[in-house]
Amino acid sequence: MNVKDVMSKEVVTCNPQDYVNEVADQMRTLDIGCLPVLSNKKLVGMITDRDIVTRSVAKDTKSKVEDVMTKSVISVSPEDSTAEASIIMARNQVRRLPVVENSELVGFVSLADLAFPFPHAQEISHAMESISEPRKY
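These numbers were taken from a predicted model, which means no experiment stands behind them.

**Student:** How should unusual backbone geometry be read in this particular structure?
**Tutor:** The phi angle of most residues is negative, glycine excepted, and most peptide bonds adopt the trans form. The backbone phi angle of Asp 31 is positive, close to 55 degrees, even though this residue is not glycine. Mapped onto the fold, Asp 31 is located in the loop between α1 (20-30) and β1 (34-39). The exposure class assigned to Asp 31 is exposed, which follows from its relative accessible area of 70%. Even without a glycine there, the phi angle at Asn 40 is positive, about 55 degrees. With respect to the helices and strands, the residue Asn 40 is situated in the loop between β1 and β2 (42-48).

Here it is, written out as structure tokens:
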């Protein structure tokens with residue numbers, strides 16, 4: 001099974017010039033933990049609830065997304081297998097990945113998306129274990 005078979009195709013995004021407090025409010029309203037950051041349809045970063053807490057809250061409320069977002073984004077292709085996506089999540093200790101094709105965001109895949117309909121239960125279980133371990137820097 002490929003990522004394109006399980007990914008979410010409608011993805012809420014933000015741009016680098018958005019204010020962090022507005023993005024945080026949007027994330028709270030939607031009950032989500034991260035948003036892809038797009039500039040001219042190109043994925044340029046991710047902003048997570050952790051980015052907001054660790055890089056913005058303690059500083060100033062007028063921060064822009066580009067000031068606190070994670071710029072090195074790990075992504076997958078819609079043609080990648082769900083097993084490969086699980087391995088990438090485990091290796092990088094992340095629970096969700098943007099799906100990129102021809103440099104454009106086409107979807108989003110989460111660990112929950114991969115867990116249903118359980119085609120790779122062993123890989124998903126390993127991914128969850130790896131994600132939950134303390135990071136090794």
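Still more to cover.
**Student:** Mind showing me how you'd approach the environment of Leu 43 here?
**Tutor:** Along the chain, Leu 43 falls in strand β2. A residue is classified by how much of its surface remains accessible, and Leu 43, at 14% relative accessible area, is buried. Sequence separation between Leu 43 and Val 73 is 30 residues, and the spatial gap between their C-alpha atoms is 8.2 Å. Aside from chain neighbours lying at most four places away, what touches Leu 43 is Pro 36, Val 37, Leu 38, Val 73, Pro 98, Val 100 and Ser 103.

**Student:** Sorry, what's going on with the pattern of salt bridges here?
**Tutor:** Once their charged atoms are close, side chains differing in charge can pair, the charge on each being opposite to the other. Enumeration according to the criterion identifies three salt bridges in this entry. Residue Glu 79 pairs with Lys 4 through a salt bridge whose shortest N-O separation is 3.1 Å. Of the two residues, Glu 79 is situated in the loop between α3 (65-68) and α4 (82-92) and Lys 4 in the segment before α1; the sequence distance between them amounts to 75 residues.

**Student:** I keep staring at the packing of α1 against helix α2 (residues 49-57) and nothing clicks. Help me out?
**Tutor:** Axis angle and axis distance: for two packed helices, these are the angle between their axes and the distance between the axes, and together they describe the pair. Viewed as axis vectors pointing N to C, α1 and α2 meet at an angle of 145 degrees, and their least axial separation amounts to 10 Å. Regarding α1 and α2, the two cross each other, and that crossing is left-handed. Across the interface between the two elements, Val 20, Ala 24 and Met 27 from α1 touch Asp 49, Ile 52 and Ser 56 from α2. Considering only residue class, the contact of α1 with α2 consists of four nonpolar, one polar and one charged.

**Student:** How should I be thinking about the environment of Met 46 in this particular structure?
**Tutor:** For Met 46, the location among the structural elements is in strand β2. Assessed through its relative accessible area of 9%, Met 46 is described here as buried. In sequence terms Met 46 and Leu 97 are 51 residues apart; their C-alpha atoms lie 9.7 Å from each other. Look past the residues within four positions of Met 46 in its chain and what remains in contact with it is Cys 34, Leu 35, Pro 36, Val 37, Asp 51, Met 69, Thr 70, Val 73, Pro 98 and Phe 108.

Definitions and cut-offs
Residues numbered from 1 in each chain as written. Predicted model: local features only at pLDDT ≥ 70, side-chain atom pairs only at ≥ 80, totals over all residues. Heavy atoms only, no water. Helix = DSSP H or I, 4+ residues; strand = E, 2+ residues; numbered from the N terminus. Buried < 20%, exposed > 50% of the residue type's maximum accessible area, 1.4 Å probe, protein only. Contact = heavy atoms within 4.5 Å. Salt bridge = Lys/Arg side-chain N within 4 Å of Asp/Glu carboxyl O. Axes fitted to C-alpha atoms, helices over the stretch in contact; angles between N-to-C directions. Left-handed = near helix turned anticlockwise from the far one by under 90°. Nonpolar A, V, L, I, M, F, W, Y, C, P; charged D, E, K, R; others polar.

Coordinates in, geometry out; function isn't part of it.
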